[in-house]
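Analysis of the macromolecular model
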Amino acid sequence: MKWLRWRETRKARERELDEEIEADFALAIQQRLEAGATQEEAEFAARRDFGNVTRIKEVTRDMWGWVRLDGVLQDVRYSLRRLRKTPAFTITAIVTVALGIGATTSMFTLIYAILLKSLAVSNPRELYRLGKEARCCFWPAYSQANEFSLASYDLYTYFRDETKGFSELAAFQAGRPLLGVTRSARAERAQSYPGEFVSGNYFAMFGIRPYAGRMLKGNDDRSNAAPVAVMSYRMWKERYGSDPSVVGSTFDIDQKPFTVVGITPPGFFGDTLSNNPPDFFLPLSSEPSVETEDHLHDTHTAWLDLIGRLRPGANPTTVQAQMRLELKQWLRSHWGEMSANDRANFQNQTLYLQPGGSGISSMRTAYEHWLQILMMASGFVLLIVCANVANLMLLRGMERRRQMSLSMALGAHSLRLVRDALTESILLSLFGGAAGLAVAFAVTKLILHFTFPSPAGMAGVPISASPSFPVLLFAFGVSLITGIAFGIAPAWTATRIDPIEALRGAGRLTHRTGSLSRKVLVVLQAALSLVLLSASGLLTAALHKLEGQDLGFDQDRRILMRIDPSLAGYRLPQLTPLYKRVHEALSNIPGVSGVAQCMYSPMTSADWGEGVWVDGHPAAGPKDDNYANFERVTPGYLDVIGNPLLRGRDISEHDIQTSAHVAVVNEAFTRKFFKNEDPIGKHFGQDGIGSEREFEIVGIAKDTRYSSYNLNHPIGAFYLLPEAQFETDRKTGLPMNDQGAHVLGDVIIVTKPGASLRDAQILEAMGSVDRNLPILSVRTLTEQVADQFRQERLIARLTSLFGVLSLVLSCLGLYGITAYNAARRTGEIAIRMALGANRRTVVLLVLRGAFALISLGLIIGLPLTLAAGRFLSSHLYGMNPYSPIVVSIAIATLAISAFIASLIPALRSSFILPQEALRGE
């Protein structure tokens, strides 16, 4: 408003000044006419005595103040007028800048959301978390590698009561259990939603106020408290249409009644950035009644993340030292419960406090390096954009060179010409930045869609593609810096203008002015393009290698259905009969040739593992690697997934609880534990010393990639166990109540060749088993495998897109400078042709200059390419980061594209008619 009032006042003063000058001038003429002068003599004398009107206006304006602002506004108006008169140049420059700024801004949007953004909580800088690593989901309570990142409930309460540096210390489950939820007194099928068990002071520690109702309190987190829950705002809005009656209603969660007492605020998605934020928050005390296993009172299992709010004036380093001492004291108090390995590792146990304002983000670890790679790639594209637009500006400056020379000859200061050039550059960049925000929004939305797909029935990762204030500020800053960057060269050229050029006609003697700047920019574009092309080639080749590897199982004709019997209330004794009914119902569907069930199907992000103790071998020491992953399966599993059995036999119907407990191991298991032995008939266990004869090895299967983690590492030791065989307690001989290790959530269905199986047929068959059994998803095994490479595929495609974009921009830049140089050398070419040079000679002459620039760019870009390969080496899955094939293809692609870009102006030059060209000279 102040600026508008200032503009109106300024315009009024301008009008008054014009009227006053006109009145004074008319009065001077009138006085001379009355003295006897003619009209012409009176006007001439009045102008002579009055002086320079423009100078008078400038002096008067200086007296009004705001001189600099007024000058800036004049520069802006003048630049806008010039840009409006050259629409082709303006549109080309804005689109080019929009692509560069849009790519960079989209990457910053993700970096800000995943790496930089704090939780939507009160004073996030006061929050500190336990551990530097984000871990999931259950770890040993008495010894953890590198540091303590998770705590048992017993350790949490010890820290909470003993650590005086925190005003509040809250605990919450590491991981997202799926909860079977129905609204009580309503005939509806249970739906699965992510939940989280949290301490009673969780919301108070974060400073979260309810959107409706109330949050959990300390009294809710007691063993005898009424079961209550808090629902997320997103769940309340999307599933229940913001129904106010939800607050106070009873919901059956895993068939246990809970009263929803409140709704979280809209911007709060929990303590962890993930693609399945919790929809229900339950007190920690309710965990034993909801989950199949009681982790709350299990002192041997660490399963809680901790975040606390420091007291005013507390020093994080001091609090960390105090907690390290408390950790040692707590461990000593549990010395009798610790294993020999735990005691051996006692001295190495430590912990760290880290800023917790951003929460516990495992996505930060998973995507940090990829985002840095993409940010660097988009930065390279932005540099190429700057070079390209700078070349356009230089060529535009060459066209206006005579005009600027004339201005300087008439007294214009070189600083004013510099200001004009920079103003025009900054305006183009700001317009390009505004258009780039639309590009950034579209690209970010596309990336979110492909990188963070929404799980079935869930709303997806809570990251908005819409630009936030920090993103807008970043886009503005990048636009401003970009405008200055590609405006420096034209502005510098403006200061090198000789006023004598205004007196020359053709300007032939100065055809090389500014050519060095343009050539340097083209060389820079070529070098950066080579880096991006090579990087995209390496990542694409690594992706093909990853997708083309032998995973050890068949994907064709395999359909994967995901269920969770726990959500329907099934307990350990009921599981084996349920699996038999599922097998029978699905096997009776026409077109089905086989059915098997497992804890987790191949190439998932889940795995189970334990230490292995081999019968007849020395016990593993604290530093020995005796870890192996395992899987529980139903009979015939290996045949169903197409995993070849190399020796021995598969899991069969005869492997029941009362028979000898058996296992089928993979090749990696035999290499790791039986280097020079025949493993068939040997025994091992997974429950420490004394359990070495727990399982008998009855078969060896081909190595199969089960876990999607560590894809750049060889397949690790792995073994299969029959679902029907439960581990027994060594003291009592009774089956251990470990339901989590017996819930087979994945069902694999093999169809006959040529048969087509519809989802409706599967759902109908499952309905005959139990209509209350939630079906979480149905898809092909091929789709699941492809999803595991989604991140790598998107990164490869984005870097390829950046590489192609950089190649196109570089070729445009080369085309522009080649065409301009050829046009400036028209006279020279005409003379050569008049003296007998043929078209081939002219084409080679023009191409020689273009390829000299490209060659120099390749020489400069080759070391940068090798450095980029080394930077990407950890993500190439065993590929050579300096692959000569990839680098050669990138060089050839750039060279061929450069040849095509420079051939067009070269051919056009070869058709010059010497007589017409010389006549023009």
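Residues numbered from 1 in each chain as written. Predicted model: local features only at pLDDT ≥ 70, side-chain atom pairs only at ≥ 80, totals over all residues. Heavy atoms only, no water.

Right, let's talk about the overall build of the protein chain for a bit. Scanning the protein chain for helices and strands turns up 26 helices and 25 strands. Counting over 921 residues, the protein chain shows a buried share of 51%. Contacts in the protein chain between residues far apart in sequence, at least 24 positions, make up 81% of those at least 6 positions apart. Summed over its atoms, the accessible surface of the protein chain is roughly 42800 Å², and 57% of this surface lies on carbon and sulfur atoms. (Helix = DSSP H or I, 4+ residues; strand = E, 2+ residues; numbered from the N terminus. Buried < 20%, exposed > 50% of the residue type's maximum accessible area, 1.4 Å probe, protein only. Contact = heavy atoms within 4.5 Å. Areas by Shrake-Rupley, 256 points an atom, 1.4 Å probe, with all protein chains shown as cover.)

To continue, consider the pattern of salt bridges. Applying the stated criterion across every chain, the model contains 12 salt bridges. Where Arg183 meets Asp243, a salt bridge forms, and the shortest distance between an N and an O atom there is 3.7 Å. Here the residue Arg183 occupies a position in strand β4 (residues 178-183), and Asp243 occupies one in the loop between α8 (233-240) and β8 (250-253), the gap between them amounting to 60 residues. For Arg183, a relative accessible area of 6% gives the class buried. Residue classification places Asp243 among the partly exposed positions, given a relative accessible area of 24%. Across the pair Asp615 and Arg693 runs a salt bridge whose closest N-O atoms are separated by 2.7 Å. Taken together, the residues span a long stretch of sequence, with Asp615 in the loop between β17 (613-614) and β18 (627-633) and Arg693 in the loop between β21 (683-685) and β22 (695-701) at a distance of 78 residues. According to the relative accessible area criterion, Asp615 is partly exposed, its value standing at 30%. (Salt bridge = Lys/Arg side-chain N within 4 Å of Asp/Glu carboxyl O.)

Another aspect to go through is unusual backbone geometry. Although it is not a glycine, Asn123 adopts a positive phi angle of roughly 45 degrees. Looking at the element boundaries, Asn123 is found in the loop between α5 (87-116) and β1 (127-130). According to the relative accessible area criterion, Asn123 is partly exposed, its value standing at 46%. Unusually for a residue other than glycine, Arg557 sits at a positive phi of about 60 degrees. Inspection of the secondary structure puts Arg557 in the loop between α16 (515-548) and β14 (558-563). Overall, Arg557 belongs to the partly exposed group, its relative accessible area being 37%.

Our next topic: the side chain of Thr704. For Thr704, the position within the fold is in the loop between β22 and β23 (718-722). A polar atom in the side chain of Thr704 sits 3.2 Å from the backbone oxygen of Lys702. Once you skip the residues sitting within four places of it in the chain, Thr704 turns out to touch Leu551, Gly552, Phe553, Asn643 and Ile715. (Polar contact = N/O pair within 3.5 Å; in protein donor to acceptor, adjacent residues only side chain to side chain.)

As a further point, take the pairing of β14. Judged by how many residues are buried, β14 sits mostly within the fold: 5 of 6 residues are covered. Judged from the 5 bridges that link them, β14 and strand β24 (residues 746-751) form a sheet pairing that is antiparallel. Note that in β24 the partner of Leu560 across the bridge is Ile748. (Pairing = 2+ DSSP bridges.)

Here the structure, examined in full by the defined rule, presents 28 aromatic pairs. Between the aromatic rings of Phe206 and Phe268, the centroid separation amounts to 6.0 Å while the plane-to-plane angle is 55 degrees, which identifies the pairing as tilted. Taken together, the residues Phe206 in helix α7 (residues 202-206) and Phe268 in the loop between β9 (256-263) and β10 (280-283) connect sequence positions 62 residues apart. Grouping residues by exposure puts Phe206 and Phe268 together as buried. Here the aromatic rings of Phe851 and Phe899 are separated by 6.3 Å at their centres, their planes lie at 55 degrees, and the arrangement is tilted. Linking Phe851 in helix α24 (residues 839-872) with Phe899 in helix α25 (residues 884-910), this pair joins segments that are 48 residues apart in sequence. Phe851 sits in the partly exposed class, given a relative accessible area of 26%. The class for Phe899 is partly exposed, based on a relative accessible area of 34%. (Phe/Tyr/Trp six-rings, centres within 6.5 Å; stacked < 30°, edge-to-face > 60°.)

Another aspect to go through is the side chain of Gln761. By secondary structure assignment, the location of Gln761 is in helix α20 (residues 759-769). Here Gln761 is in contact with Ile589 and Ser756, once residues within four sequence places are set aside.

Moving on: the packing of α24 against α25. Running from N to C, α24 and α25 point in directions that differ by 155 degrees, and their axes come no closer than 9 Å. Between α24 and α25, the crossing angle belongs to the class labelled roughly antiparallel. The interaxial crossing formed by α24 with α25 has right-handed handedness. Across from Arg839, Val842, Val843, Val846, Leu847, Ala850, Phe851, Ile854, Leu858, Leu862 and Thr865 in α24, the residues of α25 making contact are Val887, Ile891, Leu894, Ala895, Ala898, Phe899, Ser902, Leu903, Ala906, Leu907, Ser909 and Ser910. Here the contact of α24 with α25 is composed, by residue class, of 18 nonpolar, 4 polar and 1 charged. (Axes fitted to C-alpha atoms, helices over the stretch in contact; angles between N-to-C directions. Parallel < 35°, antiparallel > 145°, perpendicular 65-115°, else oblique. Left-handed = near helix turned anticlockwise from the far one by under 90°. Nonpolar A, V, L, I, M, F, W, Y, C, P; charged D, E, K, R; others polar.)

Let us look at helix α17 (residues 572-587). Across its 16 residues, α17 extends 24 Å between first and last C-alpha, which sits within 8% of the 22 Å expected from 1.5 Å per residue. Where α17 is concerned, the buried positions are Leu572, Leu575, Thr576, Leu578, Tyr579, Val582, Ala585 and Leu586. Those residues of α17 hidden inside the fold are in contact with β14, β15 (592-598), β24 and α20. (Expected span 1.5 Å × (residues − 1).)

Ranked by size, the top nonpolar core spans 122 residues in total, and within it Leu586, Tyr637, Phe669, Phe684, Tyr719 and Ile749 carry the most contacts. If sequence neighbours within four positions are ignored, Leu586 has contacts with Met561, Val592, Val595, Val747, Ile749, Ile762, Ala765 and Met766. Counting 47 residues, the second-largest nonpolar core is a separate cluster that includes Tyr128, Leu130, Phe148 and Leu331. (Core = buried A, V, L, I, M, F, W, Y, C linked by side-chain atoms within 4.5 Å.)

Moving on to a positive patch on the surface. Together, Arg77, Arg81, Arg84 and Lys85 make up a positively charged patch on the protein surface. Positionally, Arg84 belongs in helix α4 (residues 67-85). (Patch = residues over 30% accessible without salt bridge, like charges linked within 9 Å, V, L, I, M, F, W, Y side chains within 5 Å. Lys, Arg positive; Asp, Glu negative; His and termini not counted. Charge placed at Lys NZ, Arg CZ, Asp CG, Glu CD.)

Three- or four-residue spacings in an α-helix give side chains the same orientation, since the helix completes a turn every 3.6 residues. Taking 1.5 Å per residue as the helical rise, α25 with its 27 residues ought to reach 39 Å, and the 37 Å between its terminal C-alpha atoms agrees with that figure. A bend of about 30 degrees at Leu903 is the largest found in α25, and the proline Pro905 appears one to four places after it. Those residues of α25 not exposed but buried are Val886, Val887, Ala890, Leu894, Ser897, Ala898, Ala901, Ser902, Pro905, Ala906, Ser909 and Ser910. (Bend = angle between axes of the 7 residues up to and from the residue.)

Attention now goes to the confidence of the model for the protein chain. Chain-level statistics for the protein chain give a pLDDT mean of 79 and a share of 84% at 70 or above. Low confidence marks residues 505-513, where pLDDT is under 50. Its contacts with residues over four positions away, or in another chain, come to 11 contacts. (pLDDT = per-residue confidence, 0-100.)

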